[in-house]
Amino acid sequence: MKQNWKLTVAYDGQNFLGWQKAQEGLSVETTLTAALQTLLKEPVILQAASRTDRGVHAKGQVVNFFSKKTALDLFALNQLLPKDLVVYSAKKMPPAFHPTLNAKGKEYHYFVYNSNY
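I will try to describe carefully the structure that is included in this document. (Residues numbered from 1 in each chain as written. Predicted model: local features only at pLDDT ≥ 70, side-chain atom pairs only at ≥ 80, totals over all residues. Heavy atoms only, no water.)

### Quick word on the overall build of the protein
This is how the line gets drawn: Put simply, DSSP H or I for four residues or longer makes a helix, DSSP E for two residues or longer makes a strand, and each gets a number counted from the N terminus. For a compact globule the rule gives 2.2 Å times the number of residues to the power 0.38, and the radius of gyration it is set against comes from C-alpha atoms. Exposed residues in this analysis have more than 50% of their type's maximum accessible area, buried residues have under 20%, and partly exposed residues fall in between, with area computed by a 1.4 Å probe over protein chains only. Any two residues whose heavy atoms approach within 4.5 Å at even a single point are treated as in contact. For the purpose of charge, His is not counted, nor are the chain termini; Lys and Arg are scored as positive and Asp and Glu as negative. Taken as the charge location is NZ of Lys, CZ of Arg, CG of Asp or CD of Glu.
Counting secondary structure elements, the protein contains two helices and four strands. Start at the N end of the protein and walk to the C end: the helices and strands fall as β-α-β-β-α-β. The C-alpha atoms of the protein give a radius of gyration of 15 Å, which matches the 13 Å a tight globule of 117 residues would have. Here the C-alpha coordinates of the protein stretch approximately 55 × 30 × 25 Å along the principal axes. Going through the 117 residues of the protein one by one, you find that 39% of them count as buried. Contacts in the protein between residues at least 24 apart in sequence constitute 71% of all its contacts with a sequence separation of at least 6. Taking the average place of the 14 positive charges on the side chains of the protein and the average place of its 8 negative ones, the gap between the two points comes to 9 Å.

### Structural notes on helix 1 (residues 28-40)
Selection rule: Take the number of residues in a helix, subtract one, and multiply by 1.5 Å to get its expected span.
Compared with the 18 Å implied by 1.5 Å per residue over 13 residues, the 18 Å span of helix 1 between its first and last C-alpha is a close match. Buried residues of helix 1: Val28, Glu29, Thr31, Leu32, Thr33, Ala35, Leu36 and Leu40, and no others.

### Topic: the layout of surface pockets
Note the following rule: Cavities and pockets are found on a 1 Å grid laid over the protein atoms alone: a cavity is a set of points where a 1.4 Å probe fits but cannot escape, a pocket is an open set with protein on both sides within 12 Å along at least five of seven lines, and a lining residue has an atom within 4 Å of such a point. Grid points are joined across faces, edges and corners, and a volume is the space filled by probe spheres set on the points. Residue classes follow a fixed rule: Ala, Val, Leu, Ile, Met, Phe, Trp, Tyr, Cys and Pro count as nonpolar, while Asp, Glu, Lys and Arg count as charged, and any other residue, Gly among them, counts as polar.
The space that makes up the largest pocket amounts to roughly 960 Å³. Along the wall of the largest pocket there are 27 residues; nearest its centre are Ala58, Lys59, Gln61, Glu107 and Tyr108. Among the elements of the structure, strand 1 (3-11) and strand 3 (58-67) are those that each provide at least two residues to the lining of the largest pocket. Here the element with the most residues in the lining of the largest pocket is strand 3; it accounts for five residues. Per-class residue counts for the lining of the largest pocket are 11 nonpolar, nine polar and seven charged.

### Things to note about a positive patch on the surface
For the record, the criterion: A patch is a set of surface residues, each over 30% in relative accessible area and not in a salt bridge, joined within 9 Å for like charges and within 5 Å for the nonpolar side chains Val, Leu, Ile, Met, Phe, Trp and Tyr. Calculation of accessible area relied on Shrake-Rupley with a 1.4 Å probe; when residues are assessed, cover is drawn exclusively from the protein chains displayed. Take a side-chain nitrogen of Lys or Arg and a carboxyl oxygen of Asp or Glu: if they are within 4 Å of each other, that pair is a salt bridge.
Taken together, Lys2, Lys41, Lys68 and Lys69 make up a surface patch of like positive charges. Topologically, lysine 69 is positioned in the loop between strand 3 and helix 2 (74-80).

### Things to note about the environment of valine 63
By secondary structure assignment, the location of valine 63 is in strand 3. As for valine 63 and phenylalanine 16, which are separated by 47 residues in sequence, their C-alpha atoms are 17 Å apart. Excluding its chain neighbours within four sequence positions, the residues that come into contact with valine 63 are Trp5, Lys6, Leu7, Val9, Trp19, Leu46, Gln47, Ala48 and Pro99.

### As for the environment of asparagine 78
Relative to the helices and strands, asparagine 78 resides in helix 2. Separated by 43 residues in sequence, asparagine 78 and alanine 35 place their C-alpha atoms 8.4 Å apart.

### Regarding unusual backbone geometry
Despite not being glycine, lysine 41 has its phi angle at roughly 60°, a positive value. Mapped onto the elements of the fold, lysine 41 is located in the loop between helix 1 and strand 2 (47-48).

### Describing the sheet that holds strand 1
Two pairing modes exist for strands in a sheet, parallel and antiparallel, and in both the strands are linked by backbone hydrogen bonds. We apply this condition: The pairing criterion is simple: DSSP has to find at least two bridges between the two strands.
Taken in spatial order, the four strands of this open sheet run 2-3-1-4, and their pairing is antiparallel. Single-partner strands in this sheet number two, and they are strand 2 and strand 4 (85-93).

Following this line, the structure appears as structure tokens:
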């Protein structure tokens, strides 16, 4: 039986086209998937509690995936990621855990910069 892993991630979205895989460029999902597959040596499919748009930052975004591995080296994973994307927790979860269905809430902050320039 595969282990269900919950990851909590943060990223500066300036260099990403958003969370979801994109044909035309770099996404958070693609970057994190590649790092996990390199580390775990197995295919990984990520599910996220939310998606973000191009340039949007996230702090505390919850993601899950299933793996044959029962241990996850968080330090090694973060070494494979760019400096603007970090996984700051990894936790084993029951098989039924899903980041969207088990979310207790979401919080969004919008900052608007108005300028004539």
